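# Structure at a glance
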Amino acid sequence: MPKKIEIQIRDRNNQNLFEEAYKPLYVLIREMGIEGASCKISEMMKSERHSAMIRLTHEVDGNTEMMMPDFELVFKVVGDSQERKESIRQTVLSTFKVIEYEEADDEMRFTSYRGEGPRVYDIRDVITVANGKYGQEIDKRMASVDLTDYKVIFTVCDCW
């Protein structure tokens, strides 16, 4: 039987935190805006490695169904040699279905597409997917190729 991720967001001293986890995503976005909602979800994940980013293709209305089709792997590479960067790039490209790669001054970003992804309706759903199934799978793959210094940003978007 799978672990209940709900435990990670439940705070017995703060019932509001628990109730917020069940707030529909479209309500959260209306109240806090896209950036604020993304930050709130990431904060509630209680993970230094996992966070969330909301991307919308059209205006959010009531009962909007959302999904988690992709994620970004981010590596800080300040001061890393070209050999190290190339090693990271080759390892990630051979481990995940990468659809986009970007290298800036101090970081490398890989966007990996997972397909349509699971439907999510509230913060709890996002946390369950990110810290549970997908997050654990990504962390296992990364550990198997000896990459440990990375961040995962899960994309939450409206259904197309």
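Let us look at the structure shown here.

Right, let's get into the packing of aromatic side chains. Evaluated as defined, the whole model comprises five aromatic pairs. Where Phe 71 meets Phe 154, the ring centres are 6.3 Å apart and the plane angle is 50°; that geometry is what we call tilted. One end of the pair, Phe 71, is in strand 3 (residues 70–76); the other, Phe 154, is in strand 7 (residues 151–158), and 83 residues separate them in sequence. Comparing Phe 71 with Phe 154 shows no difference in burial state: the two are buried.

As a further point, take the pairing of strand 7. Counting buried residues in strand 7 gives seven out of eight residues, a clear majority hidden from the surface. One ladder, built from two bridges, connects strand 2 (residues 66–67) with strand 7; its direction is antiparallel. Residue pairing in the sheet places Met 67 in a bridge with Cys 157 of strand 7. When strand 3 meets strand 7, the two strands line up antiparallel, connected through four bridges. Counted as the bridge partner of Leu 73 is Val 152 from strand 7.

Right, let's get into the pattern of salt bridges. Applying the stated criterion across every chain, the model contains 12 salt bridges. As a salt-bridge pair, Arg 89 and Glu 86 come within 3.0 Å of each other at their nearest N and O atoms. Taken together, the residues Arg 89 and Glu 86, both in helix 4 (residues 82–95) and three residues apart, mark about one turn of the helix. Residue Glu 137 is joined to Arg 141 by a salt bridge in which the shortest nitrogen-to-oxygen separation is 3.8 Å. Remark: Arg 141 and Glu 137 occur in helix 5 (residues 123–144); sequence separation between them is four residues, near one turn of the helix. You can call Glu 137 partly exposed: its relative accessible area is 26%. Of the residues examined, Arg 141 reaches a relative accessible area of 33% and is grouped as partly exposed. Via salt bridges that share partners, Glu 72, Lys 76, Glu 107 and Arg 109 belong to a single interconnected network.

Reading the values: the criteria
- Residues numbered from 1 in each chain as written.
- Predicted model: local features only at pLDDT ≥ 70, side-chain atom pairs only at ≥ 80, totals over all residues.
- Heavy atoms only, no water.
- Phe/Tyr/Trp six-rings, centres within 6.5 Å; stacked < 30°, edge-to-face > 60°.
- Helix = DSSP H or I, 4+ residues; strand = E, 2+ residues; numbered from the N terminus.
- Buried < 20%, exposed > 50% of the residue type's maximum accessible area, 1.4 Å probe, protein only.
- Pairing = 2+ DSSP bridges.
- Salt bridge = Lys/Arg side-chain N within 4 Å of Asp/Glu carboxyl O.

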